Every structure is written in C-alpha cells, then in structure tokens.
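Analysis of the macromolecular model
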Amino acid sequence: MIYLDYAATTPIDPRVFDMMLPYFRESFGNPSSIHRYGQKAETAIESAREKVAAVLHCRADEIIFTSCGSESDNLALRGAALARRNASGEKWILTAHTEHHAVSKTAIQLEKEYGFQLEWLDLDEFGAVMPVSLSKAVCKDTALASVMYANNEIGTINPISELAEIAKANNILFHTDAVQAAAYLDVNVEKLGVDLMSLGGHKFYGPKGVGALYIRKGTKLIPHLTGGGQEFSLRAGTQNVPYIVGFAEALSLASEERGQRIAHVKPLRDQIIGRVLEEIPDALLTGHPENRLPNHASFVFKDVDGNLLLQLLDSAGFACSSGSACKTGNPEPSEVITSLGYSRDWALGSLRITLGVDSTPEHVDMFVNTLPGLVEKVRELK
Ligand SMILES: *Cc1c(COP(=O)(O)O)cnc(C)c1O
C-alpha cells in the first residue's frame, strides 16, 4: 500500500515519538501541582511553549496549547468575535468558502446562533482570496477576518501578509488557519502580521489530538473551555503533556528541515501534475499552478465519480483523497471545488494526492502508471 494522503494526516516522526515517551510514565505529573512531579511537567510544557514561540517569532506567552487544529480555529473565531462585540459592538465576520469546516461552520454558527453577520470574500480562479475584496468588505462594524494560509483541498497559498496588512489598517482582527501550511511554509507571525494563527500537530509529523493557537499580545478572547486557570485562563483542562512536548518538537523539526523537505517532495509533485495532465483526457489541475503547497497535487476529471475512483485506487494499493463528502447514493461536490466555479460534472470527480517523507520516485511512477487506466474504467462504468 502506498500512502499519498499526507494532507489528511502524517505518521509521527520517530524522534518526536521518543521525546514524548517519558511523559506518559516516569514524568506523569500534573503541570498545575506544586510538588516536583508537577514542576517537571510544567517545565516540559514551558520549554515546549518556548520552542513553538521560537519557530513563530513570538513570545512564549502568546502561545496556547489546544486539543487540535479545529479547536484552535473555534477558539480564535468564537473567542475573538464575542470579545470584540462585548468591547465595541462589532458584528461582521469576513471569511471565504474555501475555508476548512472548522472555520466556515464556526462562522456560520456565529451567524445563526449568536447574531453575527457573515460576508464571504471573493476568490480568484485558483481559489485564493482577493485582497481587494477584503478592502471592499471591511467597515467600522467588522470584528474580524479569517483566511487560511494554505488550502488543504487545492493547495493554493493565500496572500496572508497582504490581507493582514489591510486588516490592520482597518483596525480589525485577522486570523489565519495555518494547519495545512505549517509543514512547508514559514509561520513567522511577525512577517505574516496576523493576530491569531491556528496550528495542528498531526499535519507535520506530530501526534493527533494536539494543536496550538498564537494570540498576539493584547488580543482579547472569550474562553470556550472554562474551569482551571490553565493556558493563561483561555483553555481550561489539565494539559496533555506528552502531546504538547511532541507538538513542539515536530514543529521545530519542520522548521529546521523545511528546505530539505521541500526539495524532496516538490519534484515528485511536479512529475505527478505534469504526467496526469498529459496522459489523462479531460483533466484539470485545481488550485494555483505555482503558488501552491510543494507536496500537493489536486485535480478534477470530467464525468468521473470521485469516490469510486478512490475505491479503485485503494484496491490498486494507493491511498488518496477527494474533495467530495462521501455520501453513498447522493454524492455532493465539495464546497471548495464548487466555489472555484466548476460545474457538477467536473466537481464530482476530484482527486487529491499529497506527498511526504516516505514518498519516493518509484511510488510516483507506479501511481501515474496506474491512474489513467482507473479513470478510464470509472468513466466506462458511468
Ligand atoms: C486538518 C485541518 C484542520 C483540522 O485540524 P485537526 O487537528 O484535525 O482538528 C483545520 N484546518 C485545516 C486547513 C486542516 O488541514
């Protein structure tokens, strides 16, 4: 079986795993305890926080640990929207149809259940948010804008620093979901200029079930988990010490090894894109041709049932992904693909191939030798 779905999740790096192990048994203390067990756990969390801060170029007390990327997105949006409205009455939230559901469904909930107003920003043909649409949408009642750094389905990278600058000039908060981006892109928050940034461990060879949120000093959030005073009273609950240790190490390695990792995956990605477009009729690349994640290839095929294609690929030994939500009988094209303007006969046939540390030229060869025949087979079955 060949794994080509690193955007869904990554295996844990053995170096990260080894670093986590002592915190399950020997050093199992509660970081809030006064005694030495507690101190040891607290020290581990505080050095993890400093490690993350070093990668992000921020202060350690601007990082809070959460249970996943989705939680970071939820806390950023709901926490900031409620705090802004309490402080000064702003009620508009700006975001885009290309966002991960952790952002878009939170924004929709804020509209439906909390009385906020929601505006969707315009996208270009590659699914990037257009800075001019943010300039046009902001008004004195805008609380915040949320735009992802890099898209998980189509790989497109958004112009975050440009967008954040517009937000700053208009005195609104700017959040970016960098969960997919952090494996390959620079997450320096000073350069990016963001107020809030979400990260998730399992997209960069860290453990699942742990994330972080960068919160620029002075940004007020209403906590969504109340209880003990953990994480600067923004996120109650005894910290998951081994996972936090693993998260920080994985992020640190991603930052140190970024150059090598890009050099490994990018030529493989380019080979997939080149050969798929050349060898498969009625195939289009989705997302931006150059300004995209270096490990990410995504396509739509006309008149192809994307879910059936994934099943045939699985039988042939390849683990890939599509954009469409897998609803048996009544497949719906993904909102991200639809928001790019593809008609249903294209949008239902989406395929995402994402590479990573264990990908090899042989894997890519085997994949591109197999795919054209399977696409043809799915079209015949229609
Ligand atoms: C995976 C992902 C998330 C969710 O992260 P979890 O840690 O799985 O909750 C959010 N946003 C993007 C862009 C992602 O790729």
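The structure presented is a predicted model; accordingly, all values stated were derived computationally and were not measured.

Core analysis: the biggest nonpolar cluster contains 91 residues, and Leu56, Phe301 and Phe367 have the highest contact counts within it. Looking at which element gives the most residues to this core, the answer is helix 9 (residues 241-256), with nine residues. No fewer than three residues from each of domain 1 (2-9 + 258-381) and domain 2 (14-256) sit in this core. Setting aside anything within four residues of it in sequence, one finds phenylalanine 301 in contact with Val276, Ile280, Asp282, Ala283, Leu309, Asp345, Trp346, Gly349, Leu351, Leu371, Val375 and Arg379. Among the nonpolar cores identified, the runner-up in size contains 20 residues, and Val103, Phe116, Leu173 and Leu213 belong to it.

Within the structure shown, the criterion is met by eight aromatic pairs. Here the aromatic rings of phenylalanine 299 and phenylalanine 301 are separated by 6.0 Å at their centres, their planes lie at 20°, and the arrangement is stacked. Each of the two residues, phenylalanine 299 as well as phenylalanine 301, counts as buried. Summarising the aromatic geometry, the rings of phenylalanine 318 and phenylalanine 367 are spaced 5.6 Å apart at their centres and angled 75° between planes, so their arrangement reads as edge-to-face. With phenylalanine 318 in strand 11 (residues 318-319) and phenylalanine 367 in helix 14 (residues 361-381), this pair connects stretches of sequence that are 49 residues apart. By the ring-pair criterion, three or more aromatic residues cluster together here, those being Tyr3, Tyr6 and Tyr205.

Looking now at the environment of histidine 202. Inspection of the secondary structure assignment puts histidine 202 in the loop between strand 7 (196-200) and strand 8 (211-215). Taking the C-alpha atoms as reference, histidine 202 lies 9.0 Å from glycine 69; in sequence the two are 133 residues apart. Beyond its immediate sequence surroundings of up to four residues, histidine 202 is in contact with Ala8, Thr9, Thr10, Pro207 and Lys208.

What counts, and at which threshold
- Residues numbered from 1 in each chain as written.
- Predicted model: local features only at pLDDT ≥ 70, side-chain atom pairs only at ≥ 80, totals over all residues.
- Heavy atoms only, no water.
- Core = buried A, V, L, I, M, F, W, Y, C linked by side-chain atoms within 4.5 Å.
- Buried < 20%, exposed > 50% of the residue type's maximum accessible area, 1.4 Å probe, protein only.
- Helix = DSSP H or I, 4+ residues; strand = E, 2+ residues; numbered from the N terminus.
- Domains from an automatic or database assignment.
- Contact = heavy atoms within 4.5 Å.
- Phe/Tyr/Trp six-rings, centres within 6.5 Å; stacked < 30°, edge-to-face > 60°.

All we've got here are geometric facts, nothing functional implied.
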